[in-house]
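In case you want the letters, here they are:
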Amino acid sequence: MFKKILIANRGEIALRIQRSCSEMGIATVAVHSSADTQAMVVQFADESVCIGPPPSAESYLNMRAIISAAKITGAEAIHPGYGFLAENADFAEMVEAHGLCFIGPTCEHIKTMGDKIAAKKTALKLGLPIVPGSDGAVKSVEQASLIADKINYPVLIKAASGGGGRGMKIVQKKQDMEENFALCRQEALAAFGSEEVYIEKYLPSPRHIEVQVCGDGKGNAQHFWERDCSIQRRHQKVIEEAPSSLLAPRERQKICEQAQECSAKLGYRGAGTFEFLYQDGEFYFIEMNTRIQVEHPVSESICGVDLIAEQILVAAGEKKICSVAPKMLGHAIELRINAEHPETFAPSPGVIENYHAPGGLGVRVDSALFRGYKVPPFYDSLIAKLIIQAPSRKICIERAMRALNEYAIEGINTNIALHKKILATSEFANGKYDIHWLENSLV
Ligand code: MV4
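All of these numbers come straight from a predicted model, not from anything done at the bench.

**Looking at the site of the ligand**
Stage number 1. Near the ligand lie 18 residues; those nearest to it are Lys158, Glu200, Lys201, Leu203 and Glu287.
Stage number 2. Taking Glu200, its side chain carries an N or O atom lying 2.9 Å from a nitrogen atom of the ligand.
Stage number 3. For the ligand, a nitrogen atom lies 2.9 Å from a polar atom in the backbone of Leu203.
Stage number 4. Taken by itself the ligand offers 520 Å² of open surface, and the protein chains cover 92% of this.
Stage number 5. Class assignment of the residues belonging to the shell around the ligand gives a composition of eight nonpolar, five polar and five charged.

Shown next, in the form of structure tokens:
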């Protein structure tokens, strides 16, 4: 097993990784920007290294500084968390080239899945259902029109290097194709440095359901059931839960086993997520995430596993994954607490004047906040994750509301009131929503 791991991240996920390392008897190195010197992970880690000034580009994205910090401190492995360098194949390659272990998949798997066209081709070949559309890249507007005629409008043009909702154009009818095709290519080139695009049938009101997997890189993989992440605003997830309230046991079992088999055939190593759109009883694979995700705690809660520990064990080559699915333990919901203005959603950095986190049965708070902490203006506005576990979805919602009522965060604005509003709706209670519901009906 590794003796020392460097944590190449910040905030709640850096602390989350540090906690698993502590339990496993692994020493930790926290790297941080000069804006994060008072961070909780810096206090708890065995060592810390300041890797640069506040802007991410000069600190948390500074590959050379991070690898140097690992070398200087004698860390053997680097955990990238999520965001930042987590899905950067060049970084994974550089880490390995320096004789260090990247806690995640191989750089080849990161590269393949980062290319949305290659990811879809791989998924199709390995037996996953995909959205009808172009067979690979679409090079001309004539080709785009032919495909759209075949699958019928509306269609969606997507950037091959896109993801997270950026670089997409809906085309409602034939006359709009020419303009949107050119625009999508232009925007893709500007945003991602590649104008490669592909086309899919547009699904008007799907749910976003994703399957959590973990592979050992030796052909064995396991799934940890699914998460429903349909409550989102501007491609930012707000609430995630497991299991999805929409699925019958047999369709759940089928899609989860398909994702598991796909991971096994890939020889995938580490934690990963297969993202699907689900509409009218059908699943459509759209993307794969080759990292631990923000919402991993809901899967941990219903499965009773530590997914960060699993990542570390398979990266060290010390675990043979067993393909038996964990038993599902009731229901779990994660509420993302953001430092943001309740009306404008603008980030709300500043000093935490008072802080009281909820507790009690089935309540987990993943956060690096404390009274006196100053939320810096340079990074993501996620400041806490409230993860609720209960025997049923109904009790889980009631418990979540109780926990929200206990939560006191003063000095900055948060979206706690928005969560209370969502949990109080009949649509959420009855599971009657799609990926557009929050934006169209509530905010
Ligand atoms: C789609 C879609 C409808 N039809 N693909 C947005 C993010 C990216 N990961 C994929 N996305 C979508 N792809 C087809 N063929 C609708 C979305 C979408 C969406 C998906 C998941 C969660 C939230 C979303 C919000 C708007 C659009």
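**A closer look at the pattern of salt bridges**
Stage number 1. Applying the stated criterion across every chain, the model contains 28 salt bridges.
Stage number 2. As a salt-bridge pair, Lys237 and Glu295 come within 2.7 Å of each other at their nearest N and O atoms. On the criterion of sequence distance, the pair formed by Lys237 in strand S11 (residues 236–242) and Glu295 in the loop between strand S13 (282–289) and helix H10 (296–303) is long-range, its members being 58 residues apart. For the pair Lys237 and Glu295, a shared accessibility class is recorded, and that class is buried.
Stage number 3. One salt bridge connects Arg336 with Glu295, and the closest N-O pair in it is separated by 3.0 Å. Taken together, the residues Arg336 in strand S14 (residues 331–338) and Glu295 in the loop between S13 and H10 connect sequence positions 41 residues apart.
Stage number 4. You can call Arg336 buried: its relative accessible area is 10%.
Stage number 5. Salt bridges linked by common partners bring Glu210, Arg227, Lys237, Glu240, Glu295 and Arg336 together as one network.

**Things to note about the sheet that holds strand S4 (residues 77–79)**
Stage number 1. In spatial order, the strands read S3-S2-S1-S4-S5; together these five strands make up an open sheet with parallel pairing. Lying at the two open borders of the sheet, with one neighbouring strand each, are strand S3 (47–52) and strand S5 (101–102).
Stage number 2. Relative to S4, strand S1 (residues 4–7) is paired through three bridges, and the arrangement is parallel. Within S4, the residue paired with Ile7 across the bridge is His79.
Stage number 3. Lying over the sheet, helix H1 (residues 11–23) contacts S1, strand S2 (27–33) and S4, oriented at roughly 170° with respect to S1.

**Topic: the side chain of Lys120**
Stage number 1. For Lys120, the location among the structural elements is in helix H6 (residues 116–125).
Stage number 2. Polar contacts involving the side chain of Lys120 include one to the main-chain carbonyl oxygen of Val131, which spans 3.2 Å.
Stage number 3. In contact with Lys120, not counting residues within four places along its chain, are Ile130, Val131, Tyr198, Glu200, Phe285 and Ile286.

**Structural notes on the environment of Lys139**
Stage number 1. In this fold, Lys139 is placed in the loop between H6 and helix H7 (141–151).
Stage number 2. Between the C-alpha atom of Lys139 and that of Arg371, which follows or precedes it by 232 residues, the distance is 55 Å.
Stage number 3. Those residues in contact with Lys139 that lie beyond four places of it in its chain are Phe181, Arg185 and Glu196.

**Observations concerning the sheet that holds strand S7 (residues 166–171)**
Stage number 1. Spatial ordering of the open sheet is given by S7-S6-S8, a layout of three strands whose pairing is antiparallel. Two strands lie at the open edges of the sheet, namely S7 and strand S8 (197–201), each paired on one side alone. Between one strand axis and the next, the sheet turns by 25° as a mean value, whatever way the strands run.
Stage number 2. As paired strands, strand S6 (residues 155–163) and S8 are joined by five bridges and run antiparallel to one another. Along S8, the bridge assignment pairs Ala159 with Val197.
Stage number 3. Of the strands in this sheet, S6 and S8 touch H7, which is tilted by about 15° from S8.

Calculation criteria
- Residues numbered from 1 in each chain as written.
- Predicted model: local features only at pLDDT ≥ 70, side-chain atom pairs only at ≥ 80, totals over all residues.
- Heavy atoms only, no water.
- Near = heavy atom within 4 Å.
- Polar contact = N/O pair within 3.5 Å; in protein donor to acceptor, adjacent residues only side chain to side chain.
- Areas by Shrake-Rupley, 256 points an atom, 1.4 Å probe, with all protein chains shown as cover.
- Nonpolar A, V, L, I, M, F, W, Y, C, P; charged D, E, K, R; others polar.
- Salt bridge = Lys/Arg side-chain N within 4 Å of Asp/Glu carboxyl O.
- Helix = DSSP H or I, 4+ residues; strand = E, 2+ residues; numbered from the N terminus.
- Buried < 20%, exposed > 50% of the residue type's maximum accessible area, 1.4 Å probe, protein only.
- Pairing = 2+ DSSP bridges.
- Contact = heavy atoms within 4.5 Å.
- Axes fitted to C-alpha atoms, helices over the stretch in contact; angles between N-to-C directions.

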